[in-house]
Amino acid sequence: MLFRSILPCLTVFGCAFASLSLLTPHLWQFYATFLVLGIVGNGTAQLAYSRVLTTWFRERRGVAFSILLGGGAVGAIVLPPIAEALIRAVGWRASFAILGAAVLVIGLPCGSRVRARSRATHSAAKPASGATVREGLRSRIFWIIVAELFLISISQNGAITHLSALLTDRGISAGKAALAVSAMGAAILAGRLSTGWLLDRFFAPRVGACLFALSALGTFLLAGAHTLTVGIEGAALIGFGMGGEGDVTPYLLSRYFGLKSFSTLYGFTWTAYAIAGAVGPIVMGRAFDATGSYSALLVQLAAVTLVAGALLLLLPRYKTTFAIGEE
């Protein structure tokens, strides 16, 4: 079970993060440490905990996912100023050690409680029903989810990675551009919390399509943003859609394919998202180098986002798929 990996991953992650305090001028050490952090990172994040939540919650699963994923958004808002204050007070080396130790001191007790409850729930529960991995990979529904996730990841990650550079290139100061980044972080949290409520009440593909439409509008606004106000509006719309998308994917997988192979199928979709997330910023950077502007590509990415939303509308009702009797 995936929950068994939570404590080992937390331990390795905390120790590896703290070891950054011992960095030397050797570049290989830096790359090796971040390779380890990347490998175990998913075992400390929503990929590990989502499977647990699907077992614990059914009627309010959307809200449960939104609270889980909202934790990451809160961390993105709270931790940067904490880290900055630590660096000013004790230096960057001690700050890495303190933050790595915090992962162990806070994360391990919480992870232990999750694992204990998960074991009790798992031992008392009936075997999970739903699609096998092979059935999932052969399903048109699964590949629609992968395709829309890939497209939205290219668009969203391409836009947000270059957000500050885009605004400063248009004459907005770096300090004011940071306000747009902060607005996006707050919108991600709002998107995740509100989407969970929506998923429990409305058909998830339609919810996702509406979110992607908002994200497309935000991307289109950024294409022509020459003032801070428009930049903040565009960033907030992208953030709201991005936050909601994090709830929609695991919710769809649990409803269409049940729980039997949920973790593996979620891992495949997460891999597609990560690959696209790496491609998007590179495409944006090369487009700017070639044309001296982000505008044309941002318009195209807005269109790509609309296509991703349209793909969601191709998904059928839940009752026609593997998830019947999932509990």
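Chemist: Outline the overall build of the protein chain, listing residues and values.
Modeler: Check the secondary structure of the protein chain and you find 13 helices and zero strands. Along the protein chain, from the amino end to the carboxyl end, the secondary structure elements read α-α-α-α-α-α-α-α-α-α-α-α-α. A buried classification covers 46% of the 327 residues belonging to the protein chain. A separation of at least 24 residues holds for 82% of the contacts in the protein chain among residues at least 6 apart in sequence. A total of about 15400 Å² of accessible surface is found on the protein chain, and carbon and sulfur atoms cover 70% of it.

Chemist: Can you explain the environment of Ala-32? Please cite residues and give values.
Modeler: Along the chain, Ala-32 falls in helix H2 (residues 27-41). On the basis of relative accessible area, Ala-32 is assigned to the partly exposed category, the value being 31%.

Chemist: Describe a nonpolar patch on the surface, and please don't skip the residues or the numbers.
Modeler: Judged by side-chain polarity, Leu-27, Phe-30, Tyr-31 and Phe-34 come together as a nonpolar surface patch covering roughly 420 Å² of accessible area. Along the chain, Leu-27 falls in helix H2.

Chemist: Residues and numbers for the packing of helix H1 (residues 6-19) against H2, please.
Modeler: Contact geometry for H1 and H2: axes closest at 9 Å, N-to-C directions at 155°. Classified by the angle between their axes, H1 and H2 sit roughly antiparallel to one another. The way H1 lies across H2 gives a crossing that is left-handed. Contacts between H1 and H2 pair Cys-9, Val-12, Phe-13, Ala-16, Phe-17 and Ser-19 from the former with Thr-33, Val-36, Leu-37, Val-40 and Gly-41 from the latter. Residue composition of the contact of H1 with H2, grouped by class: eight nonpolar, three polar and no charged.

Chemist: So what's going on with helix H12 (residues 262-291)? Which residues, and what values?
Modeler: The first and last C-alpha atoms of H12 sit 43 Å apart over 30 residues, in line with the 44 Å expected at 1.5 Å per residue. Just beyond H12, the residue with positive phi is Gly-292, at close to 75°.

Chemist: Describe the packing of aromatic side chains, listing the residues and the values that go with them.
Modeler: Overall, the coordinates contain 10 aromatic pairs when judged by the stated rule. Between Phe-288 and Tyr-294 the ring centres are 4.6 Å apart and the planes differ by 25°, which places this aromatic pair in the stacked class. Judged by its relative accessible area of 6%, Tyr-294 is buried. Here Arg-317 stacks its cationic end above the ring of Phe-203, 4.2 Å away from the centre of that ring.

Chemist: Describe the nonpolar core, listing the residues and the values that go with them.
Modeler: Of all hydrophobic cores here, the largest spans 52 residues; its most connected members are Ile-145, Leu-167, Leu-252, Tyr-256, Phe-257, Leu-298 and Leu-315. Every element with two or more residues in this core is listed here: helix H7 (140-161), helix H8 (163-169), helix H9 (174-199), helix H10 (204-223), helix H11 (228-257), H12 and helix H13 (295-312). For this core, the leading source of residues is H7, giving 10 residues. Filtering out sequence-adjacent residues up to four positions away, Leu-252 remains in contact with Ile-145, Ala-204, Pro-205, Phe-257, Leu-312 and Leu-315.

Chemist: Residues and numbers for H7, please.
Modeler: With 22 residues, H7 extends 31 Å from end C-alpha to end C-alpha; this agrees with the ideal 32 Å at 1.5 Å per step. With respect to burial, H7 is a largely interior element, 16 of its 22 residues being buried. Sitting at the amino-terminal end of H7 is Ser-139, which places a side-chain oxygen 3.1 Å from the backbone nitrogen of Ile-141.

Chemist: Describe the packing of H10 against H13, with residues and values.
Modeler: Relative orientation of the contacting elements H10 and H13 amounts to 175°, with a least axis distance of 8 Å. If you check the angle between H10 and H13, you find them roughly antiparallel. Contacts between H10 and H13 pair Pro-205, Gly-208, Ala-209, Phe-212, Ala-213, Ser-215, Ala-216, Thr-219, Phe-220, Leu-222 and Ala-223 from the former with Ser-295, Leu-298, Val-299, Leu-301, Ala-302, Thr-305, Leu-306, Ala-308, Gly-309 and Leu-312 from the latter. For the contact of H10 with H13, the residue count by class is 15 nonpolar, six polar and no charged.

Chemist: I'd like a rundown of the environment of Ile-67, residues and numbers included.
Modeler: Positionally, Ile-67 belongs in helix H4 (residues 61-90). Assessed through its relative accessible area of 56%, Ile-67 is described here as exposed. Between the alpha carbons of Ile-67 and Arg-192 there is a distance of 7.5 Å; along the sequence they are 125 residues apart.

Chemist: Lay out the side chain of Ser-153 with the relevant residues and their values.
Modeler: Structurally, Ser-153 can be placed in helix H7. Classification of Ser-153 by relative accessible area gives buried; the value is 0%. Here the side chain of Ser-153 touches Gly-277 through a polar contact of 3.1 Å, landing on its backbone nitrogen. Residues contacting Ser-153, with those up to four places away along its chain left out, are Gly-158, Tyr-273, Ala-276 and Gly-277.

Chemist: Before we move on, could you go through the side chain of Ser-261 and cite the residues and values that matter?
Modeler: Inspection of the secondary structure assignment puts Ser-261 in the loop between H11 and H12. For Ser-261, a relative accessible area of 10% corresponds to the buried category. Reaching out from Ser-261, the side chain makes a polar contact with the backbone nitrogen of Val-133 at a distance of 3.2 Å. Aside from chain neighbours lying at most four places away, what touches Ser-261 is Ala-131, Thr-132 and Val-133.

Scoring rules and cut-offs
- Residues numbered from 1 in each chain as written.
- Predicted model: local features only at pLDDT ≥ 70, side-chain atom pairs only at ≥ 80, totals over all residues.
- Heavy atoms only, no water.
- Helix = DSSP H or I, 4+ residues; strand = E, 2+ residues; numbered from the N terminus.
- Buried < 20%, exposed > 50% of the residue type's maximum accessible area, 1.4 Å probe, protein only.
- Contact = heavy atoms within 4.5 Å.
- Areas by Shrake-Rupley, 256 points an atom, 1.4 Å probe, with all protein chains shown as cover.
- Patch = residues over 30% accessible without salt bridge, like charges linked within 9 Å, V, L, I, M, F, W, Y side chains within 5 Å.
- Salt bridge = Lys/Arg side-chain N within 4 Å of Asp/Glu carboxyl O.
- Axes fitted to C-alpha atoms, helices over the stretch in contact; angles between N-to-C directions.
- Parallel < 35°, antiparallel > 145°, perpendicular 65-115°, else oblique.
- Left-handed = near helix turned anticlockwise from the far one by under 90°.
- Nonpolar A, V, L, I, M, F, W, Y, C, P; charged D, E, K, R; others polar.
- Expected span 1.5 Å × (residues − 1).
- Phe/Tyr/Trp six-rings, centres within 6.5 Å; stacked < 30°, edge-to-face > 60°.
- Lys NZ or Arg CZ within 6 Å of the ring centre and 35° of its normal.
- Core = buried A, V, L, I, M, F, W, Y, C linked by side-chain atoms within 4.5 Å.
- Polar contact = N/O pair within 3.5 Å; in protein donor to acceptor, adjacent residues only side chain to side chain.

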